[in-house]
Amino acid sequence: MSDDWVAALEAEREQMGRASATDKVADALRTRIIEGDLRPGVRLSEERIGRALGVSRNTLREAFHLLGHERLVVHEFNRGVFVRTLGADDVRDLYAFRRILETAAVRRLAAAGGDLSGVRAAVDEGSRAAAAEDWRGLGSANMHFHRELTRLAGSRRLDDAMRQVLAEMRLVFSTMDDPRTFHEPYLAHNTVIVDHLEAGRHDAAEQALGEYLDQAEAQLLSALRTSA
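Note that this is a predicted model, so its numbers are computed, not measured.

Draft legend 1. Molecular detail of helix 7 (residues 135-151). Spanning 17 residues, helix 7 covers 24 Å between terminal C-alpha atoms, matching the ideal 24 Å at 1.5 Å per step. Most of helix 7 is tucked away: 14 of the 17 residues are buried.

Encoded structure:
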């Protein structure tokens, strides 16, 4: 496994304040999961991560415990802590939750308006990644799109919930044998959604979002069945 994630954690160390050390460590590891650096089945070394972030083993173990509650890692007796591998039931539950969160954001935008610049920026990020044939980067841009979409609901609690959901989603995406085949079509879907939103066609955006989520869920479930 590449050690790029260790360097990324060391960079995030600079952003970590002294308050809520456990939350900061958990957030740093969650970010590495969302960005695809820590894949399902990877063992999380207390020594390497503690050294990268400059934190004690007690703080790190508390962070692992928190991530365990979020279903992102698992503790295996006498073996250590591992990034979790998700199954079909997890996928179904995640998409049921996403439909509630993201649809609520679109409806909130229709009722109260909002700044769409973050959503558009995520689409542009995806376009640049696709042009560079950076398929993992395109997957990250897709994560950013749906995070920005949820932010339109104007709720910090929904933001936090979506961040956890996206971390779990990345664990599922990491099982895809061909990330280009999976991620590339959704750039067009994201573009359609944001075009509708910018034009004030909120019902059409909600319909396009529903079709997107249905298609993505079906594709992931099919891939999981094939790999089983």
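On we go from here.
Draft legend 2. Structural view of the pairing of strand 2 (residues 80-83). In this structure, strand 1 (residues 73-76) lies alongside strand 2, joined through four bridges in antiparallel fashion. Residue V73 lies in a different strand from strand 2, and its bridge partner there is V83.

Draft legend 3. Structural view of the nonpolar core. L29, L44, I49 and L220 are the most contacted members of the largest nonpolar core, which has 70 residues in total. The residues contacting I49, other than those within four sequence positions of it, are W5, L9, L29, L44, L60 and F64.

Draft legend 4. Here's a closer look at the packing of helix 2 (residues 21-34) against helix 8 (residues 156-173). As a packed pair, helix 2 and helix 8 sit with axes 8 Å apart at the nearest point and diverge in direction by 45 degrees. Comparing their axes, helix 8 and helix 2 come out oblique. Considering how the two elements wind past one another, helix 2 and helix 8 form a crossing that is left-handed. In this structure, helix 2 uses D27, R30, T31, I33 and I34 to contact helix 8, whose residues at the interface are R163, L166, A167, R170 and L171. Its residues placed into classes, the contact of helix 2 with helix 8 shows five nonpolar, one polar and four charged.

Draft legend 5. Local environment of the environment of A110. As for its placement among the helices and strands, A110 is situated in helix 5 (residues 88-112). A C-alpha to C-alpha distance of 8.6 Å links A110 and R201, two positions 91 residues apart in sequence.

Draft legend 6. Geometry of the pattern of salt bridges. For the coordinates displayed, the defined rule picks out 22 salt bridges. We note a salt bridge from D37 to R136, for which the minimum N-O separation is 2.8 Å. Of the two residues, D37 is situated in the loop between helix 2 and helix 3 (46-53) and R136 in helix 7; the sequence distance between them amounts to 99 residues. We classify D37 as buried; its relative accessible area is 12%. Between E168 and R71 there is a salt bridge, with the nearest N and O atoms lying 3.6 Å from each other. Of the two residues, E168 sits in helix 8 while R71 sits in the loop between helix 4 (57-69) and strand 1, which places them 97 residues apart along the sequence. Given the relative accessible area of 39%, R71 is considered partly exposed. Within the structure, one salt-bridge network assembled from shared partners comprises D27, R30, E70 and R163.

Thresholds applied
- Residues numbered from 1 in each chain as written.
- Predicted model: local features only at pLDDT ≥ 70, side-chain atom pairs only at ≥ 80, totals over all residues.
- Heavy atoms only, no water.
- Helix = DSSP H or I, 4+ residues; strand = E, 2+ residues; numbered from the N terminus.
- Expected span 1.5 Å × (residues − 1).
- Buried < 20%, exposed > 50% of the residue type's maximum accessible area, 1.4 Å probe, protein only.
- Pairing = 2+ DSSP bridges.
- Core = buried A, V, L, I, M, F, W, Y, C linked by side-chain atoms within 4.5 Å.
- Contact = heavy atoms within 4.5 Å.
- Axes fitted to C-alpha atoms, helices over the stretch in contact; angles between N-to-C directions.
- Parallel < 35°, antiparallel > 145°, perpendicular 65-115°, else oblique.
- Left-handed = near helix turned anticlockwise from the far one by under 90°.
- Nonpolar A, V, L, I, M, F, W, Y, C, P; charged D, E, K, R; others polar.
- Salt bridge = Lys/Arg side-chain N within 4 Å of Asp/Glu carboxyl O.

Limitation: the analysis is restricted to geometry and does not speak to function.
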